[in-house]
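# Analysis of the macromolecular model
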Amino acid sequence: MFRRKLTALEYHNPTGFDCKDETEFRNVIVWLEDQKIRHYKIEDRGNLRNIPSSDWPKYFEKYLQDVNCPFSAQQRQETVDWLLGLAVRFEYGDNGMMVILHYSNNPDFKAGVLGLANLLKIQRHDDYLVMLKAIRILIQERLTPDAIAKASQAKEGLPVALDKHILGFDTGDATLNEAARVLRLLHIEELRELQTKINEAIVAVQAIIADPKTDHRLGKVGR
């Protein structure tokens, strides 16, 4: 029930989590607050972190109220699922839940993720959500305002209408589709620059061959 969300959040044991185990349950709650949700300030998390305490259920109930959870502490499965969903939204943005719940088993979604991974030279993984997160990280690194500003300073070009460039696959998310188009155009531009450098190298070699120099050590001209 929780595996996909725990996997998307990079929990260390997504397949083995047992919601009915009291210690595991409390550890997951603390992990979510410490690593993903971060509703409390660090200094205010002490009561929640005190897992062995007999008062822990009382502090957990207060925590649920503070994060506006619609479920009570007695509704354990519903509470865990809701907190996982909240963590996913913080981790992936407003569209994170839609991607995980509605597209993770969709063949078109999987094909789109695989296409993006191939385009970006990201290593394949059996879990498409893991690949999706790697794609998101790379996009954030390549398309941050600073990176875009630096690229704009290096070279000015003509405006490009992204909607006129066919992607060839559909990720199921408009934002990812647009990011993929941008990255494909960047990749094409890099290939053009590489081809230009190769052409320049060929010209330089041809110039050397066409104008041989005397090598006095060999006692002959040319090669």
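Let me begin by describing the structure that accompanies this report. (Residues numbered from 1 in each chain as written. Predicted model: local features only at pLDDT ≥ 70, side-chain atom pairs only at ≥ 80, totals over all residues. Heavy atoms only, no water.)

For Arg-45, the position within the fold is in the loop between α2 (22–37) and α3 (46–49). You can call Arg-45 buried: its relative accessible area is 6%. Only 3.2 Å separates the side chain of Arg-45 from the side chain of Asp-34, close enough to count as a polar contact. Every residue in contact with Arg-45, bar those within four places of it in the chain, is listed here: Glu-33, Asp-34, Arg-38 and Tyr-40. (Helix = DSSP H or I, 4+ residues; strand = E, 2+ residues; numbered from the N terminus. Buried < 20%, exposed > 50% of the residue type's maximum accessible area, 1.4 Å probe, protein only. Polar contact = N/O pair within 3.5 Å; in protein donor to acceptor, adjacent residues only side chain to side chain. Contact = heavy atoms within 4.5 Å.)

Of note in this structure, Glu-10 is not a glycine but carries a positive phi near 65°. Summarising the element assignment, Glu-10 is placed in the loop between α1 (3–8) and α2. Note on Glu-10: relative accessible area 54%, which makes it exposed. With a phi angle near 55°, Arg-38 is a residue other than glycine that sits in the positive phi range. With respect to the secondary-structure elements, Arg-38 resides in the loop between α2 and α3.

The quantities given are spatial measurements derived from coordinates; they are silent on function.
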